[in-house]
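Inside the fold
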Amino acid sequence: ASSGVAKARGIDTEDSITLTVQWQNLNDKTLGCALYTSSWVAPKSDVHSQQRFFYMGSRGEINVDQAHRGCTVAMDDANFASVNPLFMKYTPTNGMFAGQASYGVKSFENFIDACRNVNAGKAKPEDYDDGSIATVHTTMQGTAILEAGRKSLDADGMPMDIVYESDTSEEPVGVKPHEF
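In what follows, the accompanying structure is described.

Before going further, it helps to examine the overall build of the chain. Assigned secondary structure in the chain consists of three helices and eight strands. Ordering the α and β elements of the chain from the N terminus gives α-β-β-β-β-β-β-α-α-β-β. Its C-alpha radius of gyration of 20 Å places the chain more than 25% over the 16 Å reference for a compact globule of 180 residues. A buried classification covers 16% of the 180 residues belonging to the chain. As displayed, the chain offers around 13,800 Å² of accessible surface, 56% of which is attributable to carbon and sulfur atoms. Averaging the positions of the 15 positive and the 24 negative side-chain charges in the chain gives two centres separated by 8 Å.

Take the pattern of salt bridges next. Counted by the stated rule, this structure contains five salt bridges. One salt bridge in this structure joins Glu 14 and Arg 150, with 2.9 Å as the shortest N-O distance. Here Glu 14, found in the loop between helix 1 (5-8) and strand 1 (16-24), pairs with Arg 150, found in helix 3 (residues 140-154); they are 136 residues apart in sequence, far enough to count as distant. For Glu 14, a relative accessible area of 16% puts it in the buried group. On the basis of relative accessible area, Arg 150 is assigned to the partly exposed category, the value being 33%. The partner of Glu 179 in a salt bridge is Lys 176, with the nearest N and O atoms 4.0 Å apart. One salt-bridge network, in which partners are shared between bridges, spans Glu 14, Arg 150 and Asp 154.

By the secondary structure assignment, Gln 51 is in the loop between strand 2 (31-39) and strand 3 (52-56). Sequence-wise, Gln 51 and Asp 76 are 25 residues apart; in three dimensions their C-alpha atoms are separated by 26 Å.

In this structure, strand 1 lies alongside strand 2, joined through nine bridges in antiparallel fashion. Note that in strand 2 the partner of Trp 23 across the bridge is Gly 32. Counting the residues that bridge the hairpin from strand 1 to strand 2 gives six residues, and of these Lys 29 lies at a positive phi of roughly 70 degrees.

How each quantity is defined
- Residues numbered from 1 in each chain as written.
- Predicted model: local features only at pLDDT ≥ 70, side-chain atom pairs only at ≥ 80, totals over all residues.
- Heavy atoms only, no water.
- Helix = DSSP H or I, 4+ residues; strand = E, 2+ residues; numbered from the N terminus.
- Rg over C-alpha atoms; globule rule 2.2 N^0.38 Å.
- Buried < 20%, exposed > 50% of the residue type's maximum accessible area, 1.4 Å probe, protein only.
- Areas by Shrake-Rupley, 256 points an atom, 1.4 Å probe, with all protein chains shown as cover.
- Lys, Arg positive; Asp, Glu negative; His and termini not counted.
- Charge placed at Lys NZ, Arg CZ, Asp CG, Glu CD.
- Salt bridge = Lys/Arg side-chain N within 4 Å of Asp/Glu carboxyl O.
- Pairing = 2+ DSSP bridges.

Keep in mind these values describe shape, not function.
This is the structure in structure tokens:
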């Protein structure tokens, strides 16, 4: 963790946190590792926030630069691809707004539609736990990572384990210090 900017403003938190996380594959118990960094301070830049994701696997990689709307995929058994979901169409068509089908608009539309369906009794909140929109259920893994990181930092870097109900469960039920 790094500190200085937030504390100088009277906020008792880190400016930036980096976590090294070791993962175990549920199917074959092989191990993988990930590096997560989150910062609450940043210099003036060309974008409001730098959001990146990079995955390197044994047979391919994914590189996402959300701030610049870029996404590339490379795999051993497929051609290199630049996949860009077009977050927003900023230019009009025939003088009219034409961004309705863009990801940036669709994500809000899907959320509003889900709220209307739940409020009208046509759906239940858990009907959306399929990943179509962010829900408490679909964000449990990410929340568990953050909780484990916070507990690790508070325990001077002690490794933490995310606890699951069973070896096949994907839903975290707690976080505990790693036993060596």
